[in-house]
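Next come the chains, spelled out residue by residue.
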Amino acid sequence: MDFAGDDTATAHPGDLLKVKVNKLTSTKTQLPYSYYSLPYCRPNSIVDSAENLGEVLRGDRIENSPYV
(Lines give C-alpha, C1' and ligand atoms only; values in the text may rest on other atoms or scores of the structure.)
Protein backbone atom coordinates (compact mmCIF):
# COMPACT_ATOMS: atom_id res chain seq x y z
CA MET A 1 0.00 0.00 0.00
CA ASP A 2 1.42 3.42 -0.92
CA PHE A 3 0.72 6.51 1.16
CA ALA A 4 0.32 9.79 -0.74
CA GLY A 5 2.39 8.55 -3.65
CA ASP A 6 5.42 7.85 -1.47
CA ASP A 7 6.67 4.49 -2.70
CA THR A 8 9.18 4.23 0.18
CA ALA A 9 6.41 3.85 2.80
CA THR A 10 4.66 0.53 2.56
CA ALA A 11 2.41 -1.27 5.02
CA HIS A 12 1.49 -4.89 5.28
CA PRO A 13 -1.45 -6.54 7.05
CA GLY A 14 -0.71 -6.70 10.77
CA ASP A 15 1.81 -3.82 10.75
CA LEU A 16 1.44 -1.22 13.49
CA LEU A 17 0.50 2.31 12.39
CA LYS A 18 1.97 5.11 14.50
CA VAL A 19 -0.55 7.95 14.70
CA LYS A 20 0.74 11.53 14.75
CA VAL A 21 -1.07 14.76 15.58
CA ASN A 22 -0.85 18.27 14.14
CA LYS A 23 -1.79 21.77 15.23
CA LEU A 24 -5.46 22.69 15.50
CA THR A 25 -7.00 25.64 13.69
CA SER A 26 -10.21 27.51 14.39
CA THR A 27 -12.73 29.33 12.26
CA LYS A 28 -13.08 31.91 15.06
CA THR A 29 -9.44 32.90 15.47
CA GLN A 30 -6.39 33.20 13.23
CA LEU A 31 -4.08 31.59 15.79
CA PRO A 32 -3.44 27.85 15.68
CA TYR A 33 -3.52 25.80 18.87
CA SER A 34 -1.09 23.13 19.92
CA TYR A 35 -2.89 19.77 19.82
CA TYR A 36 -2.01 19.09 23.44
CA SER A 37 -3.20 22.52 24.65
CA LEU A 38 -6.63 20.85 24.81
CA PRO A 39 -7.44 17.97 27.19
CA TYR A 40 -6.51 15.05 24.91
CA CYS A 41 -4.64 11.95 26.08
CA ARG A 42 -0.91 12.66 26.02
CA PRO A 43 2.01 10.33 25.45
CA ASN A 44 4.63 10.00 28.21
CA SER A 45 6.89 12.39 26.28
CA ILE A 46 5.93 14.67 23.39
CA VAL A 47 8.35 14.57 20.46
CA ASP A 48 8.27 16.94 17.48
CA SER A 49 8.57 15.00 14.25
CA ALA A 50 8.52 17.29 11.24
CA GLU A 51 9.39 15.07 8.30
CA ASN A 52 10.19 17.58 5.59
CA LEU A 53 10.92 21.25 4.97
CA GLY A 54 7.41 21.95 3.62
CA GLU A 55 5.84 21.00 6.95
CA VAL A 56 8.19 23.38 8.76
CA LEU A 57 7.50 26.24 6.32
CA ARG A 58 3.71 25.77 6.64
CA GLY A 59 4.01 25.98 10.41
CA ASP A 60 2.83 22.42 11.00
CA ARG A 61 3.43 21.12 14.52
CA ILE A 62 3.56 17.38 13.97
CA GLU A 63 4.00 15.45 17.20
CA ASN A 64 3.67 11.88 18.37
CA SER A 65 0.52 10.52 19.99
CA PRO A 66 -0.12 7.72 22.48
CA TYR A 67 -1.97 5.73 19.81
CA VAL A 68 -0.48 2.91 17.76
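Check the entry above for the structure.
Presented here is a report on the structure given in the accompanying data block.

Rules behind the numbers
- Residues numbered from 1 in each chain as written.
- Predicted model: local features only at pLDDT ≥ 70, side-chain atom pairs only at ≥ 80, totals over all residues.
- Heavy atoms only, no water.
- Helix = DSSP H or I, 4+ residues; strand = E, 2+ residues; numbered from the N terminus.
- Buried < 20%, exposed > 50% of the residue type's maximum accessible area, 1.4 Å probe, protein only.
- Patch = residues over 30% accessible without salt bridge, like charges linked within 9 Å, V, L, I, M, F, W, Y side chains within 5 Å.
- Areas by Shrake-Rupley, 256 points an atom, 1.4 Å probe, with all protein chains shown as cover.
- Salt bridge = Lys/Arg side-chain N within 4 Å of Asp/Glu carboxyl O.
- Lys, Arg positive; Asp, Glu negative; His and termini not counted.
- Contact = heavy atoms within 4.5 Å.
- Phe/Tyr/Trp six-rings, centres within 6.5 Å; stacked < 30°, edge-to-face > 60°.

### Things to note about the environment of serine 45
(1) Moving on: Residue position: serine 45 is located in the loop between β3 (20-21) and α1 (53-58).
(2) Moving on: Classification of serine 45 as partly exposed rests on a relative accessible area of 45%.

### Details of a nonpolar patch on the surface
(1) Moving on: Taken together, the side chains of Leu17, Val19 and Tyr67 define a hydrophobic patch exposed on the protein surface, amounting to about 290 Å² of accessible area.
(2) Moving on: Structurally, tyrosine 67 is set in the segment after β4 (63-64).

### What about the side chain of glutamate 63?
(1) Moving on: Mapping glutamate 63 onto the fold places it in strand β4.
(2) Moving on: No salt bridge is formed by the buried glutamate 63; the nearest opposite charge belongs to arginine 61, separated by 4.1 Å.
(3) Moving on: Apart from the residues lying within four places of it in its own chain, the contact partners of glutamate 63 are Lys20, Val21, Ser34, Tyr36, Ile46, Val47, Asp48 and Ser49.

### A few points about the environment of asparagine 44
(1) Moving on: Tracing the backbone shows asparagine 44 in the loop between β3 and α1.
(2) Moving on: For asparagine 44, a relative accessible area of 86% corresponds to the exposed category.
(3) Moving on: Remark: the alpha-carbon pair of asparagine 44 and proline 66, spanning 22 residues in sequence, is separated by 7.8 Å.

### Here we look at the packing of aromatic side chains
(1) Moving on: Tallied over the entire structure, the rule returns two aromatic pairs.
(2) Moving on: Residues tyrosine 35 and tyrosine 36 carry aromatic rings whose centres are separated by 5.1 Å and whose planes lie at 85 degrees to one another, so their mutual orientation is edge-to-face.
(3) Moving on: Tyrosine 35 sits in the buried class, given a relative accessible area of 18%.
(4) Moving on: Among the residues examined, tyrosine 36 registers a relative accessible area of 4% and is labelled buried.

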